[in-house]
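# A look at the structure
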Amino acid sequence: MLKKILSSSLLRSAGIYTISRIVNAAIPFLMMPVLTRYLTPTDYGITAMFTVLVGIVTPFVGLSLHGAVSVRYFDRNEIDLPRYIGNCFLILLVSTAVVSTVMWVFAGPISRLSAFPREWLWAVVLFAVTQFIGLIVLTMWQVENKPVFFGLFQNLQTLVNVGLTVLLVVGYGKNWQGRLEAQLMTLSIFALVAVLFLIKNRWLKFGYERASVDHALTFGLPLIPHALGALLIMQTDRVFLTNMVGVATAGIYSVAYQFGSIIDLGASSFNQAYAPWLYRQLSEINHEGKRRLVRMTYAYFFLIFFMAILISTVVPWFLSFYVGKNFVGAQAYIFWVCLGFSFSGMYYMVANYIFFAGKTRILAWVTFTSAIFNIGFNYLFIKLNGSVGAAQASTLTFFICFVLTWLLSAKVYPMPWNLFKRATC
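Procedures and definitions
Residues numbered from 1 in each chain as written. Predicted model: local features only at pLDDT ≥ 70, side-chain atom pairs only at ≥ 80, totals over all residues. Heavy atoms only, no water. Helix = DSSP H or I, 4+ residues; strand = E, 2+ residues; numbered from the N terminus. Rg over C-alpha atoms; globule rule 2.2 N^0.38 Å. Buried < 20%, exposed > 50% of the residue type's maximum accessible area, 1.4 Å probe, protein only. Contact = heavy atoms within 4.5 Å. Areas by Shrake-Rupley, 256 points an atom, 1.4 Å probe, with all protein chains shown as cover. Lys, Arg positive; Asp, Glu negative; His and termini not counted. Charge placed at Lys NZ, Arg CZ, Asp CG, Glu CD. Axes fitted to C-alpha atoms, helices over the stretch in contact; angles between N-to-C directions. Parallel < 35°, antiparallel > 145°, perpendicular 65-115°, else oblique. Left-handed = near helix turned anticlockwise from the far one by under 90°. Nonpolar A, V, L, I, M, F, W, Y, C, P; charged D, E, K, R; others polar. Salt bridge = Lys/Arg side-chain N within 4 Å of Asp/Glu carboxyl O. Core = buried A, V, L, I, M, F, W, Y, C linked by side-chain atoms within 4.5 Å. pLDDT = per-residue confidence, 0-100. Phe/Tyr/Trp six-rings, centres within 6.5 Å; stacked < 30°, edge-to-face > 60°. Lys NZ or Arg CZ within 6 Å of the ring centre and 35° of its normal. Expected span 1.5 Å × (residues − 1). Bend = angle between axes of the 7 residues up to and from the residue. Disulfide = S-S within 2.5 Å.

### Quick notes on the overall build of the protein chain
When helices and strands are tallied, the protein chain shows 16 helices and 0 strands. The C-alpha atoms of the protein chain give 21 Å as radius of gyration, which agrees with the globular expectation for 425 residues (22 Å, within 12%). Referenced to the eigenvectors of the C-alpha coordinate spread, the extents of the protein chain come out at roughly 55 × 55 × 35 Å. Counting only residues that meet the buried cut, the protein chain has 55% of its 425 residues in that class. Within the protein chain, contacts between residues separated by at least 24 positions form 82% of all contacts whose residues are at least 6 apart in sequence. Just so you have it, the protein chain exposes about 19100 Å², and 68% of that area is on carbon and sulfur atoms. Counting 30 positive and 13 negative side-chain charges, the protein chain places the centres of these two groups 7 Å from one another.

Following this line, the structure appears as structure tokens:
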């Protein structure tokens with residue numbers, strides 16, 4: 001089995017995705033010594049809260065419809081896929097109008113809670129919309145097994161983003177405003193490029209179709225609690241730090257989070273190739289094949305945990321000279337952030353079975369429930385342990401979400417997780 005995997009398209013695709021994501025993530029890391037010297041912790045905190053707001057808004061704007069497109073692609077001989085994608089864009093228009101209205105009505109409370117300037121809230125919606133458009137074309141390249149196009153698009157987008165950031169932040173001294181403007185300009189440019197690609201490849205056809213809208217909404221709406229819950233798990237800590245400690249502390253914490261996200265980078269990159277491969281295996285697998293998959297999963301658990309320990313040991317050693325002196329305090333959070341991301345990476349491996357079984361509604365409530373626990377954990381742990389409590393709360397939440405998802409996956413799609421038991425699934 002291992003030899004077959006090593007020589008298969010899974011490893012080649014995973015390798016390309018991983019290299020692409022590493023390059024995509026490495027450039028911002030290389031920028032960190034510059035940005036932490038030109039931006040204050042408060043500037044970093046404001047950009048971190050912008051990311052939090054984008055994360056909350058995105059599930060309502062895009063409805064995770066790029067996932068619906070990836071599923072519908074395999075039915076393309078039975079449906080009009082370009083028209084389906086066109087109807088996803090129609091849904092995007094309506095959802096954007098609704099979200100924009102809500103943001104306008106509740107602009108004051110949102111701004112106060114997030115410590116994010118009210119006059120910049122429009123940027124949150126624009127970011128979510130342009131990001132969704134880019135995800136559609138990336139999804140098409142993924143399902144057509146074109147990781148090179150996928151990687152080029154992502155990496156060029158990052159290079160443009162970094163170039164504009166340097167120009168606006170370093171060259172023009174625009175602080176956090178320059179960082180946000182660089183992201184918005186980049187995403188807008190590449191959203192336009194994505195639309196041109198969709199048109200050129202005849203992947204986009206407009207024209208209302210009730211069946212397509214119904215299918216897309218049936219897929220996407222139940223995922224709102226899941227997507228929102230996952231993002232709340234990821235980002236609630238910064239909201240509590242901003243309100244209980246200060247936006248500058250949230251900025252320092254965000255630096256630690258970037259280092260911990262190295263683990264998520266590797267896990268999500270692997271999963272981009274692993275999930276389609278796993279689905280093909282499960283469609284024709286026997287019991288012994290399932291046991292091999294379980295052994296492979298346990299090996300993955302060990303590797304990602306080891307990666308977390310390694311990163312949390314190495315990063316504090318060079319943090320003092322890598323980032324600006326105002327951000328050295330980030331080392332206090334590194335261990336807990338890395339440990340939390342290792343559990344998040346384990347979650348991917350067991351959640352795939354729930355997606356394959358089509359039980360996304362169950363998964364949605366697991367992640368949303370975990371997010372609710374995360375709110376209580378953050379308040380309690382920050383009260384008890386100070387700012388490091390935010391990282392501890394997130395780690396505990398990641399662990400709970402992983403375990404609950406694993407238990408549910410075992411129910412909706414039985415696998416021989418107990419390798420000492422020889423009975424069939």
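Additional details are given in the paragraphs that follow.
### Structural notes on the side chain of Ser111
Position of Ser111 relative to the elements: it lies in helix α6 (residues 107-114). The class of Ser111 is buried, set by a relative accessible area of 15%. Leaving out residues up to four positions away in the same chain, Ser111 has contacts with Phe116, Pro117 and Arg118.

### Focus on the packing of helix α11 (residues 223-244) against helix α12 (residues 247-282)
Running from N to C, α11 and α12 point in directions that differ by 165 degrees, and their axes come no closer than 9 Å. Taken together, the axis directions place α11 and α12 in an arrangement best described as roughly antiparallel. Taken as a pair, α11 and α12 cross one another with a handedness that is right-handed. On α12, the residues touching Met234, Asp237, Arg238, Leu241 and Thr242 of α11 are Val247, Thr249, Ala250, Tyr253, Ser254, Tyr257 and Asp264. The residue inventory of the contact of α11 with α12, partitioned by class, reads 6 nonpolar, 3 polar and 3 charged.

### Let's talk about the side chain of Thr367
Relative to the helices and strands, Thr367 is located in helix α15 (residues 360-385). Judged by relative accessible area, Thr367 falls into the buried class, the value being 1%. If we skip the residues at most four places from it in the chain, Thr367 touches Pro225, His226, Gly229, Ala230, Ile233, Tyr347 and Cys401.

### Focus on the pattern of salt bridges
Tallying each qualifying case throughout the model produces 7 salt bridges. Glu144 is the partner of Lys146 in a salt bridge, and the nearest nitrogen-oxygen pair spans 3.3 Å. Since its relative accessible area comes to 31%, Lys146 is described here as partly exposed. Classification of Glu144 as partly exposed rests on a relative accessible area of 25%.

### Let's talk about the packing of α12 against helix α14 (residues 334-356)
One can describe the packing of α12 onto α14 by two numbers: an axis separation of 9 Å at closest approach and a directional angle of 20 degrees. On the basis of their axis angle, the class for α12 and α14 is roughly parallel. Like other packed secondary-structure pairs, α12 and α14 cross with a definite hand, here right-handed. The residue inventory of the contact of α12 with α14, partitioned by class, reads 21 nonpolar, 8 polar and 1 charged.

### Here's the deal with the nonpolar core
Membership of the largest hydrophobic core comes to 68 residues, with the highest contact counts inside it found for Phe259, Tyr274 and Tyr353. Sorting the residues of this core by element identifies α2 (9-38), α8 (147-171), α11, α12, α13 (287-322), α14, α15 and α16 (388-412) as the ones contributing at least two each. In contact with Phe259, not counting residues within four places along its chain, are Phe29, Met32, Ile311, Val315, Phe318, Leu319, Tyr322 and Ile334. Counting 57 residues, the second-largest nonpolar core is a separate cluster that includes Leu63, Leu187, Leu223 and Val247.

### Overview of the environment of Ala393
With respect to the helices, strands and loops of the structure, Ala393 is situated in helix α16. For Ala393, a relative accessible area of 0% puts it in the buried group. Note: C-alpha distance between Ala393 and Tyr348 (45 residues apart in sequence) is 20 Å.

### Some thoughts on the confidence of the model for the protein chain
The share of residues in the protein chain with pLDDT of 70 or more is 94%, and the mean pLDDT across the chain is 87. Here residues 1-7 is modelled with pLDDT under 50, and outside its nearest four sequence neighbours on either side it reaches 9 contacts, counting other chains as well.

### Digging into the packing of aromatic side chains
This model, assessed by the stated rule, comprises 42 aromatic pairs. We note Arg76 situated over the ring of Tyr73; from NZ or CZ to the ring centre the distance is 4.1 Å. Sitting over the face of the ring of Tyr257, Arg238 holds its NZ or CZ atom 3.9 Å from the ring centroid.

### Let's talk about α11
Residues spaced three or four apart along an α-helix face the same direction, because each turn holds 3.6 residues. Given a rise of 1.5 Å per residue, 22 residues ought to cover 32 Å, and the 30 Å separating the end C-alpha atoms of α11 matches this to within 8%. Considering bend angle alone, the principal kink of α11 is centred on Gln235 and spans about 50 degrees. Burial of α11 is extensive: 17 of the 22 residues sit out of reach of the surface. Just downstream of α11, Gly246 is the residue with a positive phi angle, here 150 degrees.

### Topic: unusual backbone geometry
One non-glycine residue with positive phi stands out, namely Ala115, at about 60 degrees. When you line up the elements, Ala115 lands in the loop between α6 and α7 (121-143).

### Describing the environment of Phe398
Looking at where Phe398 falls in the secondary structure, it is placed in helix α16. Looking at Phe398, the relative accessible area reads 8%, which means it is buried. Beyond its immediate sequence surroundings of up to four residues, Phe398 is in contact with Ile233, Met234, Tyr257, Gly340, Phe341, Phe343 and Ser344.

### Describing the state of the cysteines
In protein chemistry, a disulfide is the covalent bond that joins the sulfur atoms of two cysteines. Following the criterion strictly, the structure yields 0 disulfides and no others. For Cys401, which is in no disulfide, the shortest distance to another cysteine sulfur is to Cys338 and amounts to 19 Å.

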